[in-house]
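Overview (structure and organization)
The chain contents come next:
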Amino acid sequence: MTVWSSTIRGVLFDMDGVVVAQCLDFVAIKQEIFGSTEGFILERIRGLSGKERSRAEAILERHETEAANRCQPLDGVLPLLRRLDHHGLRLGLVTRNSRKSVNLIQARLGLPFLTIVTREDAPPKPAPDPILLACHRLGLRTDEALFVGDFEFDMLAGRRAGVRTVLLSNPVQPTSPNADHLIASLAEIPPLLGLPGLDKKA
Ligand SMILES: [Mg+2]
């Protein structure tokens, strides 16, 4: 098994599908904004201007706020974060969501992240910028950071930034050529870092 304990000093997480269960219905949002469901929301909104863009951003924000008020943490993620924090690992969150929605989630769930990078802070994943910014804010070299995500944009952003990439495998994204490691459950993260496994009751 790969153990990165001697080199990894910080762990970055994607939010939707990794820290909280995916609550955003991307298909419904695209249907409401564009009247069609292809492509990616932020990239399509970038192609709009003026009133159309304002309308699109307002719709997205309404969906994100509503999701932030009801999304639930993934099984075991809160004890995992506390455990990593206890072992001195610096924790960051890197998401394509808005600052407002992430603040709502953090306030509700009490997430122990030292830094949160949202789409207001840097060009969104799959650009490497938000990963690099999180590393900078946490005082980490990229080779000291691990990024855990559940989608190809996460793996691409991490690979481009030069951090280690871990894919939380799922039916939509079972594998990735840009993942250094595949996991089926968040419980696999501590052993990956050379830490003991989580107490199942925690
Ligand atoms: Mg995700």
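Small disclaimer: the values here were computed from a predicted structure and weren't measured.

Evaluation of the coordinates by the stated rule reveals 15 salt bridges. Of the charged contacts in the structure, one is a salt bridge between Asp154 and Lys125, with a shortest N-O distance of 2.8 Å. In this pair, Asp154 sits in helix α7 (residues 152–161) while Lys125 sits in the loop between β3 (115–117) and α6 (129–138), placing the two residues 29 residues apart along the sequence. Measuring nitrogen to oxygen at the nearest pair gives 3.0 Å for the salt bridge that ties Arg141 to Asp143. Relative accessible area serves as the criterion here: at 52%, Arg141 is assigned to the exposed category. On the basis of relative accessible area, Asp143 is assigned to the partly exposed category, the value being 37%. Through salt bridges with shared partners, one network takes in Arg9, Arg141, Asp143 and Glu144.

Val11, Phe13, Leu84, Phe113, Ile189 and Leu193 are the most contacted members of the largest nonpolar core, which totals 44 residues. Here this core gets five residues from one element, more than from any other, and that element is helix α3 (residues 50–68). Counting only domains with at least three residues in this core, you end up with domain 1 (10–21 + 72–192) and domain 2 (26–68). Apart from residues lying up to four places away in sequence, Phe113 is in contact with Phe13, Val19, Leu81, Leu91, Gly92, Leu93 and Gln106. Membership of the second largest hydrophobic core comes to 13 residues, among which are Leu12, Ala134, Ala145 and Phe147.

Attention now moves to the packing of helix α1 (residues 26–34) against α3. What describes two packed helices is the angle between their axes and the distance between those same axes. Two numbers describe how α1 lies on α3: the axes approach to 10 Å, and their chain directions differ by 155°. The orientation of α1 relative to α3 falls into the category roughly antiparallel. You can see that α1 and α3 cross each other, and the crossing is right-handed. Residues Ile29, Glu32 and Ile33 of α1 pack against Arg55, Ala56, Ile59, Leu60, Arg62 and His63 of α3. Classifying every residue of the contact of α1 with α3 gives five nonpolar, one polar and three charged.

Turning our attention to the domain arrangement of the protein chain. Per the domain assignment, the segments making up the protein chain are domain 1 (10–21 + 72–192) and domain 2 (26–68). Between domain 1 and domain 2, the C-alpha centre-to-centre distance is 23 Å. Facing 14 residues of domain 1, the contacting portion of domain 2 comprises nine residues. At the boundary of domain 1 with domain 2, total buried surface from both sides reaches about 950 Å², with 57% on carbon and sulfur atoms.

Let's shift gears to empty space enclosed by the protein. Here the structure, examined in full by the defined rule, presents one cavity of 30 Å³ or more. Surrounding the largest cavity, Asp16, Cys23, Leu24, Glu64, Ala67, Ala68, Cys71, Asn97, Ser101 and Ile105 form its lining. Contributions of two or more residues to the lining of the largest cavity are made by α3 and α5 (99–109). Grouping the constituent residues of the lining of the largest cavity by class yields six nonpolar, two polar and two charged. Among the domains, domain 1 (10–21 + 72–192) and domain 2 (26–68) are the pair contributing at least three residues each to the lining of the largest cavity.

Rules used throughout
Residues numbered from 1 in each chain as written. Predicted model: local features only at pLDDT ≥ 70, side-chain atom pairs only at ≥ 80, totals over all residues. Heavy atoms only, no water. Salt bridge = Lys/Arg side-chain N within 4 Å of Asp/Glu carboxyl O. Helix = DSSP H or I, 4+ residues; strand = E, 2+ residues; numbered from the N terminus. Buried < 20%, exposed > 50% of the residue type's maximum accessible area, 1.4 Å probe, protein only. Core = buried A, V, L, I, M, F, W, Y, C linked by side-chain atoms within 4.5 Å. Domains from an automatic or database assignment. Contact = heavy atoms within 4.5 Å. Axes fitted to C-alpha atoms, helices over the stretch in contact; angles between N-to-C directions. Parallel < 35°, antiparallel > 145°, perpendicular 65-115°, else oblique. Left-handed = near helix turned anticlockwise from the far one by under 90°. Nonpolar A, V, L, I, M, F, W, Y, C, P; charged D, E, K, R; others polar. Buried area = accessible area lost by both parts, 1.4 Å probe. 1 Å grid on protein atoms, 1.4 Å probe; cavity = no way out; pocket = protein on both sides within 12 Å on 5 of 7 lines; lining within 4 Å. Points joined across faces, edges and corners; volume = space filled by probe spheres on them.

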